[in-house]
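Structural overview
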Amino acid sequence: MADVAIRTEGLTRTFGAQVALADVSIEVPRGEVLALLGPNGAGKTTTVRLLNAVLDPDAGTMRVLGIDPVAAPDELRRHTGVLTEHAGLDDRLTATENLLAVARIRGMAIEPARRRIGELLERFGMSARADQRVAGASTGQRKRIALARSLLHDPQVLFLDEPTSGLDPAAIRDVVAMIDSLAAEHGRTVILCTHFLGEADELADRMAILHRGHLEAFGRPADLAAGLWTGIPASLELGGIEPDVAADLVRSLRGVIEVTVDGSVLTLQITEREVLARAVRELVHAGADVFAARPETRTLSDVYFEVERRRTGHGSTPDPRSSSGTQPHIPPPPPPPDTRNTQARS
């Protein structure tokens, strides 16, 4: 379909006896940001390498912009950009020379390429280092040059592996704004691999949680949250009334699922936002001072930690206030894959 940027069905990859990816099926519309999440060894990098035609799958199918990465890797790479966790720049060359080398490989005309390189280096605050050798650049400066390189040919799909690691706060802000702009304003599809859940929360339209190659959850955070929890979380900060008395009053209201007390704060689970308004009216009528009434939104971080809690069967779910459409998809274990193809593409 024209509006689908990435689709995989039963995607599986092994390295010898180790399963790196097991029966993963996802679909990402064009112009969205997918946060690919999970601990080290979850299968995030393997997924990116498969989708960008660096590896062949052992089983399953995949399409990126309608292109089969196995059948047409060169055609695919004309439309994709990649930022790896390590910049991979040539220290002997300047920033401009590093990007010009990539432009030549991609067959770009030199003068338009120079203009594009100048624009990108300025965008990432690297104009002052444009003609200096990369050998003296900091980790953050290297990351900015590598980001410019990944955008050189204006790709339709961008794979970003830890794009803000090593950057200072101002640079992180700029990179996050750039990623958001690429998707929201320019219709680019972004696959974001990150350990920074707050960053993913700010950017992602969808999330995929991997663990040891298995897809633990996939979908929009709000849809996943609706499948994980019953009701809407909310909080009431009170005064002028005993908390236990206030809790009993609120529990009696229709639409209140659960109430817990923590000092002067009541934490609720309610069926709809209007229930919170009814609770405020009843508490005020009973003589309570209501200092704050907040319906909460479950964040991507909340979903991630709840999926992890349910997977392990222990631990607690973080308070939704502190974290910074379907039931989570938990596929059955795949059949043993064919392990004959274990070589990466050149």
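In this text the structure is predicted, and so the values were computed from the model without any measurement.

If you check helix α4 (residues 110-123), its first and last C-alpha atoms are 20 Å apart, about what 14 residues at 1.5 Å a residue would give, namely 20 Å. If you check which residues of α4 are buried, you get A113, I117, L120 and L121. Buried residues in α4, looked at end-on, bunch into an arc of 95°, giving them a common side. Along α4, exposed side chains directed more than 90 degrees from the buried face belong to R115 and E122. For α4, the elements touching its buried residues are α3 (95-105) and α5 (139-150). Among the residues trailing α4, G125 stands out with phi positive, at a value near 65°.

For the rest of this paragraph, the subject is the pattern of salt bridges. The tally for this structure, following the rule as stated, stands at 16 salt bridges. Put simply, E32 and R206 hold a salt bridge, and the shortest N to O gap is 2.6 Å. Here the residue E32 occupies a position in the loop between β2 (18-29) and β3 (33-37), and R206 occupies one in strand β8 (residues 206-211), the gap between them amounting to 174 residues. Assessed through its relative accessible area of 17%, R206 is described here as buried. A salt bridge links D68 to R63, with the shortest nitrogen-to-oxygen separation between them at 3.6 Å. Judged by relative accessible area, which is 24%, D68 ranks as partly exposed.

Rules used throughout
- Residues numbered from 1 in each chain as written.
- Predicted model: local features only at pLDDT ≥ 70, side-chain atom pairs only at ≥ 80, totals over all residues.
- Heavy atoms only, no water.
- Helix = DSSP H or I, 4+ residues; strand = E, 2+ residues; numbered from the N terminus.
- Expected span 1.5 Å × (residues − 1).
- Buried < 20%, exposed > 50% of the residue type's maximum accessible area, 1.4 Å probe, protein only.
- Arc of directions from axis to C-beta.
- Contact = heavy atoms within 4.5 Å.
- Salt bridge = Lys/Arg side-chain N within 4 Å of Asp/Glu carboxyl O.

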